[in-house]
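Notes for the structure review
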Amino acid sequence: MDKPGYYGTFGGAFVPETLNATLEQLKVAFEQVKEDTSFWAAYQGLLSTYSCRPTPLTYAENLSRHFGGPRIYLKREDLNHTGAHKLNNVIGQGLLVDRMGKKRVIAETGAGQHGVATATMAARFGYSCTIYMGEVDVARQRPNVFWMEQMGATVVPVRDGARILKDAINEALRDWTTNMDTTHYVLGTACGPHPYPEMVSYFQSIVGSEVSDQILEQAGRLPTRVYACVGGGSNALGIFSGFLESPEVELVGVEAGGVGLETLKHASRLASAHGSVGVAQGYKTYFLQDDDGQMLETHSVAAGLDYIGVSPILSDYHEKGRIRFTASTDKEVLEATRLTMKKEGIISALESAHALAGAFREAPDMTADEVIIVNLSGRGDKDIFTIADALGDTAWKSFIIAKAEEYRA
Ligand SMILES: *Cc1c(COP(=O)(O)O)cnc(C)c1O
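Residues numbered from 1 in each chain as written. Predicted model: local features only at pLDDT ≥ 70, side-chain atom pairs only at ≥ 80, totals over all residues. Heavy atoms only, no water.

Focus on the domain arrangement of the chain
According to the domain assignment, the chain contains domain 1 (7-48 + 86-196) and domain 2 (53-83 + 205-403). The distance between the C-alpha centroids of domain 1 and domain 2 comes to 23 Å. In this assembly, 30 residues from domain 1 lie in contact with 30 residues from domain 2. A buried area of about 2400 Å², summed over both sides, lies between domain 1 and domain 2, and 66% of it is on carbon and sulfur atoms. If you sort the residues of domain 1 by the area they bury against domain 2, Tyr 7, Phe 10 and Phe 14 come out on top, with a joint share of 24%. Here domain 1 and domain 2 share zero salt bridges between them. (Domains from an automatic or database assignment. Contact = heavy atoms within 4.5 Å. Buried area = accessible area lost by both parts, 1.4 Å probe. Salt bridge = Lys/Arg side-chain N within 4 Å of Asp/Glu carboxyl O.)

Some words on the sheet that holds strand β4 (residues 71-76)
One open sheet accounts for six strands, arranged β3-β4-β14-β9-β10-β13; its pairing is mixed. Each end of this open sheet is capped by a strand with a single partner; those strands are β3 (57-59) and β13 (323-329). Between one strand and the next, the sheet's axes are offset by a mean angle of 25 degrees, whatever the strand orientation. One ladder, built from seven bridges, connects strand β10 (residues 250-258) with β13; its direction is parallel. What sits directly across from Ala 256, in β13, is Ser 328. Packing against the sheet, helix α9 (residues 196-219) makes contact with β3, β4 and β14 (371-376), and its axis sits at approximately 145 degrees to β4. (Pairing = 2+ DSSP bridges. Helix = DSSP H or I, 4+ residues; strand = E, 2+ residues; numbered from the N terminus. Axes fitted to C-alpha atoms, helices over the stretch in contact; angles between N-to-C directions.)

Re the site of the ligand
Not every one of the 16 residues close to the ligand is listed here, only the nearest: Lys 86, Thr 189, Gly 231, Ser 234 and Asn 235. A distance of 2.9 Å is found between an oxygen atom of the ligand and a side-chain nitrogen or oxygen belonging to His 85. At a separation of 2.6 Å, an oxygen atom of the ligand approaches a polar side-chain atom of Lys 86. Calculation on the ligand without its partners gives an accessible area of 380 Å², and the protein chains cover 96% of this total. Here the residues of the shell around the ligand are counted per class, giving four nonpolar, 10 polar and two charged. (Near = heavy atom within 4 Å. Polar contact = N/O pair within 3.5 Å; in protein donor to acceptor, adjacent residues only side chain to side chain. Areas by Shrake-Rupley, 256 points an atom, 1.4 Å probe, with all protein chains shown as cover. Nonpolar A, V, L, I, M, F, W, Y, C, P; charged D, E, K, R; others polar.)

Quick look at helix α5 (residues 113-125)
With 13 residues, α5 extends 19 Å between its outermost C-alpha atoms, agreeing within 8% with the 18 Å of an ideal straight helix rising 1.5 Å per residue. Within α5, 10 of the 13 residues are buried, which leaves the element mostly enclosed by the surrounding structure. Taken residue by residue, α5 has Gln 113, His 114, Gly 115, Val 116, Ala 117, Thr 118, Ala 119, Thr 120, Met 121 and Ala 122 as its buried positions. Tucked into the core, α5 has its buried residues touching α2 (37-50), α4 (86-99), β5 (104-109), β6 (128-134) and α7 (142-150). (Expected span 1.5 Å × (residues − 1). Buried < 20%, exposed > 50% of the residue type's maximum accessible area, 1.4 Å probe, protein only.)

As for helix α13 (residues 350-362)
Between its first and last C-alpha atoms α13 spans 19 Å; for 13 residues at 1.5 Å apiece the expected length is 18 Å, and the two agree. Burial analysis of α13 places 12 of its 13 residues in the buried class, the great majority of the element. Among all positions in α13, only Leu 350, Glu 351, Ser 352, Ala 353, His 354, Ala 355, Leu 356, Ala 357, Gly 358, Ala 359, Phe 360 and Glu 362 are buried.

Here it is, written out as structure tokens:
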């Protein structure tokens, strides 16, 4: 039996004393909704009319034929409102905020996807909303900042440190410490202090509960393997939850391999040799750090996977050997994105394409009676600049430059 708030030896809540009371309040509220079947029904009902749940499971017939191996299925989280699995989590937390009698939410965001999802939820529930974002990211992600503001959120550019995601997290924590009576901190992934890892994966388990029925109905059997990309770990824990109790299903988490695991330009905490156990940002897990415990810089073509920590729940499954971890390089990811567009007419987010690339690497060694599922965590419209650039589309670049000149004039 693990210590409360721990997953094996990972997790915990390493926070300033002042935050203990509000974390306790959150824990109690979450425990209550877990017991309450009417809460899950309300959650599911809201997502079914607001966000296309249950999302479909798509048989990728052309990709399956292309590799000549297993039948490949895609769980379509890209069809959620705001384009990814992130909405599952923020809608769940939004319902909890109401139960706790709070009226204000805050969040940190790097690429802006979690910020947009949180601003969307706040508009829907009528909460006031502040999003902390590094100044560098504000400049890089102008379209997302625009939409957050249009939905009524205040976007605060953070000017400390390197002015990126980790600095935004520190600023959000400062706000929370000051305003915890009125404010809920909407964490975007299955990381951070207890009860966040458990709570976020609980909301994302809606993906696993749908897909375990869908695959039996469509393929007539459990999958041989399930692949999901791993940033903080929420989409992976979501889909894996449907199969954790079925030991014959192999679960594969795919991290950001960046330029390659032999370099230091990646964000692979579990599959590479550069991750080690430490405590930071309120919890204990594998972090990318040097021998002195200094956090290393991460690199990935996909902003959503570019993070130094990983869910403590995944670190535990890694050590127990229940989930296998591997990584896909930027190059493999772009190739998998291109192939999926061409063969299936589906534009995958670069994050999700890590899982696709992992599956494509292994599919040729599998047989026709096997079945695999890839979690398509999000859609790739947001990645148009990166994809066009990588595929060498100069017409698109000229269009952007012409637009920029038009504005300047
Ligand atoms: C944010 C994001 C991720 C990474 O987050 P997890 O918590 O690891 O799921 C993956 N895919 C997409 C599309 C995202 O937006």
